[in-house]
Amino acid sequence: MGGGGHTHFLDACFLCRKRLAGNRDIFMYRGDTPFCSEECRRAQMEADAAAERRERARAGKLTRGATTHREVEGPQERGSGSVRAGSILAL
């Protein structure tokens with residue numbers, strides 16, 4: 001069986017693509033993601049954490065952005081000629 005293009009997930013660092021070979025340590029992250037060094041693994045962990053923070057912030061903006069028309073305009077002032085809830089308007 002030749003080495004015809006078949007690659008194994010432990011052949012190269014996930015981040016820098018450096019070849020993982022010999023008796024060198026392989027640093028794993030999230031179960032099946034290999035890295036050549038603690039620095040590469042830490043860089044990926046920091047990138048993942050930043051992406052999660054951005055996603056949470058984006059999701060928070062979507063839920064906070066769902067304001068009603070009345071919330072945007074503000075409360076009605078008394079005596080401004082508007083009809084209040086529970087009032088009877090006679091014409």
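In the nomenclature of an unreviewed UniProt entry, the protein is known as FLZ-type domain-containing protein of Leersia perrieri.

1. Observations regarding the overall build of the protein
Looking only at helices and strands, one finds 2 helices and 2 strands in the protein. Counted from the first residue to the last, the protein has its helices and strands arranged as β-β-α-α. Within the protein, the proportion of its 91 residues that are buried is 16%. The contacts in the protein between residues at least 6 apart in sequence include a share of 13% that link residues at least 24 apart. Looking at the protein as shown, the accessible area adds up to about 8000 Å², and 53% of this sits on carbon and sulfur atoms.

2. Some thoughts on the pattern of salt bridges
Enumeration according to the criterion identifies 3 salt bridges in this entry. Between Asp48 and Arg30 there is a salt bridge, with its nearest N and O atoms 4.0 Å apart. Highlighted residues: Asp48 in helix α1 (residues 38–64) and Arg30 in the loop between β1 (27–29) and β2 (33–35), separated in sequence by 18 residues. Across the salt bridge formed by Glu52 and Arg30, the nearest N and O atoms sit 3.1 Å from each other. Taken as a pair, Glu52 in helix α1 and Arg30 in the loop between β1 and β2 lie far apart in primary sequence, 22 residues in all.

3. Here's the deal with the nonpolar core
Membership of the largest hydrophobic core is limited to 7 residues, which are Cys13, Leu20, Phe27, Tyr29, Phe35, Cys36 and Cys40. Discounting chain neighbours no more than four positions away, the residues touching Cys13 are Lys18, Leu20, Pro34, Phe35, Cys36 and Cys40.

4. Notes on a nonpolar patch on the surface
Together, Phe9, Ile26 and Met28 make up an exposed nonpolar region whose accessible area comes to about 240 Å². Following the sequence through the fold, Ile26 ends up in the segment before β1. Overall, the relative accessible area of 36% leaves Ile26 in the partly exposed class.

5. Digging into the packing of aromatic side chains
Using the criterion set out here, one finds 2 aromatic pairs in the structure. Consider the rings of Phe14 and Phe35, whose centres lie 6.0 Å apart with planes at 75 degrees: the pair is edge-to-face. With Phe14 in the segment before β1 and Phe35 in strand β2, this pair connects stretches of sequence that are 21 residues apart. The class for Phe35 is buried, based on a relative accessible area of 0%. Ring centres 6.3 Å apart and planes at 55 degrees place the aromatic pair Tyr29 and Phe35 in the tilted group.

Cut-offs applied
- Residues numbered from 1 in each chain as written.
- Predicted model: local features only at pLDDT ≥ 70, side-chain atom pairs only at ≥ 80, totals over all residues.
- Heavy atoms only, no water.
- Helix = DSSP H or I, 4+ residues; strand = E, 2+ residues; numbered from the N terminus.
- Buried < 20%, exposed > 50% of the residue type's maximum accessible area, 1.4 Å probe, protein only.
- Contact = heavy atoms within 4.5 Å.
- Areas by Shrake-Rupley, 256 points an atom, 1.4 Å probe, with all protein chains shown as cover.
- Salt bridge = Lys/Arg side-chain N within 4 Å of Asp/Glu carboxyl O.
- Core = buried A, V, L, I, M, F, W, Y, C linked by side-chain atoms within 4.5 Å.
- Patch = residues over 30% accessible without salt bridge, like charges linked within 9 Å, V, L, I, M, F, W, Y side chains within 5 Å.
- Phe/Tyr/Trp six-rings, centres within 6.5 Å; stacked < 30°, edge-to-face > 60°.

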